[in-house]
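Chain by chain, the residues:
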Amino acid sequence: MKVKTIGVLTSGGDAPGMNAAVRAVVRTALSKGMQVKGIIRGYNGLIDDDIVDMNIRSVSDIIHRGGTMLYTARSPRFREEEGIQMAVQTCEKHGIDGIVCIGGDGTFRGARDLSLHGVPCVGVPATIDNDISSTEYTIGFDTAVNTCMEMVDRLRDTAQSHDRCTVVEVMGRGAGYLALHSGVACGATTILVPEIRLDVEKDIIDKILNSQRTGKKHFIVVVAEGVGSVDRLAQQIQSVTGIDSRATVLGHVQRGGTPSVRDRVTASKMGYEAVQLLSQGIGNRVVAEKDGKIVDYDIYDALNMEKDFDEYLHEVANAISN
Ligand code: F6P
């Protein structure tokens, strides 16, 4: 099949570097003589026929911007057959022969469904959570984890000045990558992740008390969102240890900001590779990073892969966080 026109969309939670990926897709496709359509607000744009023509200048001045110029959304309507059918009709109307779908696992499931309905799609992994099983790295993680580090460093300043315990929640409903990496980088006393259940008394409070006995006066506890309430944990720590404790939820500040070098470069490579596949009529694939190289997998296989939690880094954190 000769691929003349491709679409590009961003879907799910935005991630710094999505713009760099869109730019790479548009410029690579144009350089191959293809036309490019920007699909607005993820799969909703396909259902609602919200499509814009992209040219070489449409993606100027975006490589350094966080967020996504194409807007993003989660689309419950696209999970229904009716929504998918409307999306297919929109593709036919605009002559879209294939789509690069930038986002997380939910985005990949949409790409799989659309591929099964005859529109070849290639997924590009972008989420600050780094929780996509088929890839070692997702666009946005490096920027977000550096934001977490900066924020926790600030919390450390005030915790140190007041001899307090700062309990900070970072994003990650089902995955602790942001918590683990920022926790190690900030010298957290304890890091709580959804992958490993810890005992509050033994693993958190006793650890704080042991460190206190060696002269430590301020404490950082980094908690992934999926673990539970930081307010409750801070109260518990304060009531048992007597250490003045405060809870902070970093929230959506972690999703914004200028993408790092790592995110811009990875996004550029992955966007380029996604178009290489689509230009050959190859769909139902996702691009991924493996051992530092860009590879691609069947979407079905990618969605069924499992990602090992970094037990080693968790062990390192435990050994050096006294
Ligand atoms: O998937 C990325 C993510 O940032 C998660 O870490 C977080 O739980 C979720 O999105 C928040 O989503 P929303 O922006 O819809 O509140």
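In case you missed it, the structure is sitting above this.
Residues numbered from 1 in each chain as written. Predicted model: local features only at pLDDT ≥ 70, side-chain atom pairs only at ≥ 80, totals over all residues. Heavy atoms only, no water.

What follows deals with a negative patch on the surface. A cluster of like negative charges, contributed by Glu306, Asp308, Glu311 and Glu315, occupies part of the molecular surface. Within the element layout of this structure, Asp308 appears in the loop between α10 (299–303) and α11 (311–320). Since its relative accessible area comes to 69%, Asp308 is described here as exposed. (Patch = residues over 30% accessible without salt bridge, like charges linked within 9 Å, V, L, I, M, F, W, Y side chains within 5 Å. Areas by Shrake-Rupley, 256 points an atom, 1.4 Å probe, with all protein chains shown as cover. Salt bridge = Lys/Arg side-chain N within 4 Å of Asp/Glu carboxyl O. Lys, Arg positive; Asp, Glu negative; His and termini not counted. Charge placed at Lys NZ, Arg CZ, Asp CG, Glu CD. Helix = DSSP H or I, 4+ residues; strand = E, 2+ residues; numbered from the N terminus. Buried < 20%, exposed > 50% of the residue type's maximum accessible area, 1.4 Å probe, protein only.)

The seven strands are arranged β3-β2-β1-β4-β5-β10-β11 in an open sheet whose pairing can be described as mixed. Bordering the open sheet on either side are β3 (51–54) and β11 (293–298), each of which pairs with just one other strand. Between one strand and the next, the sheet's axes are offset by a mean angle of 30°, whatever the strand orientation. Direction of pairing for strand β4 (residues 98–103) relative to strand β5 (residues 121–125): parallel, over a ladder of five bridges. When the sheet's bridge partners are listed, Ile99 is paired in β5 with Cys121. Strands in contact with helix α4 (residues 105–116) are β4, β5 and β10 (285–290); relative to β4, the strand with the most contacts, it is inclined by about 165°. Each of β1 (5–10), β4, β5, β10 and β11 is contacted by helix α9 (residues 261–279), which is oriented at about 140° to β10, the strand it contacts most. (Pairing = 2+ DSSP bridges. Axes fitted to C-alpha atoms, helices over the stretch in contact; angles between N-to-C directions. Contact = heavy atoms within 4.5 Å.)

A separate point is α11. Looking at α11, one finds that the buried residues are Leu313, His314 and Ala317. Axial view of α11: buried residues confined to an arc of 105°, hence all on one face. Facing away from the buried surface of α11 by more than 90 degrees, the exposed residues are Glu311, Tyr312, Glu315 and Ala319. Summarising the contacts, the buried residues of α11 are in contact with α6 (177–186) and β7 (190–192). (Arc of directions from axis to C-beta.)

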